Amino acid sequence: MQRHFPHLIDLDNYPVSSWNDIIDLAIDIKRNKHIYVGACNGKIMATLFYEPSTRTQMSFQSAMLRLGGGIIGFDNPATSSVAKGESIKDTTKIASSYSDIIVMRHFVEGSVKAAALTADCPVVNAGDGGHLHPTQTLTDLLTLKAEKGTLSGLTVGFCGDLKNGRTVHSLLKALSCYDNNKFVLISTNELKVPTYIKDRISASGKEYIEVNSLEEAIPELDVLYMTRIQRERFGSPEEYERQKNVFCLDAQKMRAAKKDMIVLHPLPRVDEITLEVDDDPRALYFKQANYGMYVRMSLILSILNEDISTKPLLVGKEMPDIKCSNPKCITNMENTLKGSFRNHGGILECEFCDERLLME
Ligand code: ASP
């Protein structure tokens, strides 16, 4: 029987108390760095990055090196056996026999969960297509806790590509678990938050509104979470051209914001925040990227020390004859993988990408 590892595919895998513990430990690591030097001596982390990354990959690597561990892996699958057609399943199986923890980013939705199913060590999702990005969310939660002093009672505006922005999906789900948060979802009609995420907000009893003007929304916000339009997720260059440059945060809009509103952005920025905003003390996105390293140190330590209780990866029903209707789902790409679905009020929901099945 396979061992039950504390994989982090979606923050839902861990109880909220564990998120809080990881954040508190990150705060302690940031304050008392010397105590944690060598805490992961002799451990190895594999970073398997099938998609570009700057902050996530480097902050994970730096986190492990600061803890005294070693790193292996690739960030260009063209130089690994992936280029010869190796499946995610086989690559992960091998990488997990060389390492104590795997951090993986992939352009296919649900792929990191699929990888975790075969791994012989814990696997962390560093972003799976336009689906989820739980370690960015831990970064965002730590930033909010450190800079606003709370994770509750906040009015948070999300602006930009809310459809394809995986950081938005993970953060909305997470902030819905804390009391009295409200969400203002600022996007074009084409780039709205997926329904399954909105259902999660409503099920938690939190309020959200959907608007299309950043100017009108900004005065109410405690936090503004800006995002870029995710060019690589569009079906055609024309579709992207129609959506880009719609939202731009500049000094003039900042003048209408609260004096203590903070601006976050998972980065990279394209042109949705003008450079003049960088000098505003409320612009915290570079500081946020630095918090990411501490939260990843905390996560690596917590996982390797097995300080986290975790839920099984699949809780629904295996249905090999049913296909997920999301063409970007891993179950439609790796044919050895069987579909598995949860029942959401009579509708089947894919356990890999969260897509709700279109019933005919
Ligand atoms: N760096 C974030 C991500 O990997 C945000 C972005 O790419 O826009 O999802």
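No experiment lies behind these values; they were computed from the predicted model shown.

A. Local environment of helix α12 (residues 285-304). With 20 residues, α12 should reach 28 Å at 1.5 Å per residue; the first-to-last C-alpha distance of 29 Å fits that figure. Counting buried residues along α12, 16 of its 20 residues qualify, which places the element largely inside the surrounding structure. Residue Glu306 follows α12 closely and has a positive phi angle near 55°.

B. Quick look at the nonpolar core. Ranked by size, the top nonpolar core spans 59 residues in total, and within it Leu141, Phe158, Leu172, Leu299 and Ile300 carry the most contacts. Tallying contributions element by element places α12 first for this core, with 10 residues. If sequence neighbours within four positions are ignored, Leu299 has contacts with Leu8, Tyr14, Ile22, Phe60, Val124, Thr135 and Leu138. Counting 28 residues, the second largest nonpolar core, distinct from the first, contains Met319, Cys329, Cys350 and Leu357.

C. Highlighting the sheet that holds strand β8 (residues 223-226). Strand order in the open sheet formed by five strands is β7-β6-β5-β8-β9, with parallel pairing between adjacent strands. Two strands in the sheet have a free side with no partner beyond their single neighbour: β7 (207-211) and β9 (262-264). If you compare each strand with its neighbour and ignore which way they point, the axes differ by 20° on average. Two elements, strand β6 (residues 182-186) and β7, share five bridges in a ladder whose sense is parallel. The residue of β7 that forms the bridge with Leu185 is Glu210.

D. Summary view of helix α4 (residues 88-98). Among the residues of α4, Ile88, Thr91, Thr92, Ala95 and Ser96 are the ones counted as buried. In an axial view of α4, the angular spread of the buried residues amounts to 125°, which keeps them on one side of the axis.

E. Region of interest: unusual backbone geometry. A cis amide bond, omega 10°, links Leu267 with the succeeding residue Pro268. Relative to the helices and strands, Pro268 resides in the loop between β9 and α12. Non-glycine residue Leu267 carries a positive phi angle of around 65°. Positive phi is not limited to glycine here, since Asp354 has a value of about 70°. The residue Asp354 is located in the segment after β12 (347-350) in this model.

F. Structural view of the site of the ligand. In the neighbourhood of the ligand, the contacting residues comprise Arg105, His133, Arg166, Thr167, Arg228, Gln230, Pro266, Leu267 and Pro268. Within the contact set of the ligand, an oxygen atom lies 2.8 Å away from a side-chain nitrogen or oxygen of Arg166. Leu267 has a polar backbone atom sitting 2.8 Å from a nitrogen atom of the ligand. A total of 260 Å² of accessible area belongs to the ligand in isolation, and the protein chains cover 92% of it.

G. Expanded view of the packing of helix α1 (residues 16-31) against helix α6 (residues 134-148). Axis separation between α1 and α6 bottoms out at 10 Å; the angle between their running directions is 65°. Classified by chirality, the crossing of α6 by α1 is right-handed. For the pair α1 and α6, contact is made by Trp19, Ile22, Ile23, Asp24, Ala26 and Ile27 and by Leu138, Leu141, Leu142 and Lys145, respectively.

H. Molecular detail of the pattern of salt bridges. Under the criterion given, the structure shown has 21 salt bridges. Put simply, Arg233 and Glu51 hold a salt bridge, and the shortest N to O gap is 2.8 Å. Taken together, the residues Arg233 in the loop between β8 and α10 (237-243) and Glu51 in the loop between β1 (44-49) and α3 (55-66) connect sequence positions 182 residues apart. Residue Glu51 is classed as buried on the basis of its relative accessible area, which comes to 9%. For Glu349, the salt bridge identified is with Arg356, shortest N-O distance 2.9 Å.

Rules and cut-offs
- Starting from 1, residues in each chain are numbered consecutively following that chain's sequence as written.
- For this predicted model, a pLDDT threshold of at least 70 governs which residues receive local features, and a threshold of 80 or more governs which side-chain atom pairs are given and counted, while totals over whole chains, interfaces and linings are taken from all residues.
- Hydrogens and water molecules were not included; the side-chain quantities draw on all heavy atoms of the structure.
- Numbering of helices and strands runs from the N terminus; a helix is a DSSP stretch of H or I covering at least four residues, while a strand is a stretch of E covering at least two.
- The length a helix should cover is 1.5 Å for every residue beyond the first.
- Buried residues are those whose accessible area, probed at 1.4 Å on protein chains only, stays under 20% of the maximum for their type, while exposed residues exceed 50% and partly exposed ones sit between those limits.
- By nonpolar core we mean a set of buried residues, namely Ala, Val, Leu, Ile, Met, Phe, Trp, Tyr and Cys, connected to one another through side-chain atoms within 4.5 Å.
- In this analysis, two residues are considered to be in contact whenever any of their non-hydrogen atoms come within 4.5 Å of each other.
- Only strands joined by at least two bridges in the DSSP assignment are considered to pair.
- Axis definition: a line fitted to C-alpha atoms, limited for helices to the stretch in contact. Angles are taken between N-to-C directions and run from 0 to 180 degrees.
- Here the arc refers to the directions that run from the helix axis out to each C-beta atom.
- Whether a residue is near a molecule or strand depends on its heavy atoms: if one lies within 4 Å, it is near.
- Here a polar contact is recorded for every N or O atom pair within 3.5 Å, except that within protein the pair must consist of a potential hydrogen donor and a potential acceptor, and residues adjacent in sequence are included only if both atoms are side-chain atoms.
- The method behind every accessible area is Shrake-Rupley, applied with a 1.4 Å probe, and residues are considered shielded solely by the protein chains displayed.
- Should the near helix be turned anticlockwise from the far one by less than a right angle, the crossing is termed left-handed; should it be turned clockwise, right-handed.
- When a carboxyl oxygen of Asp or Glu lies within 4 Å of a side-chain nitrogen of Lys or Arg, that pair is called a salt bridge.

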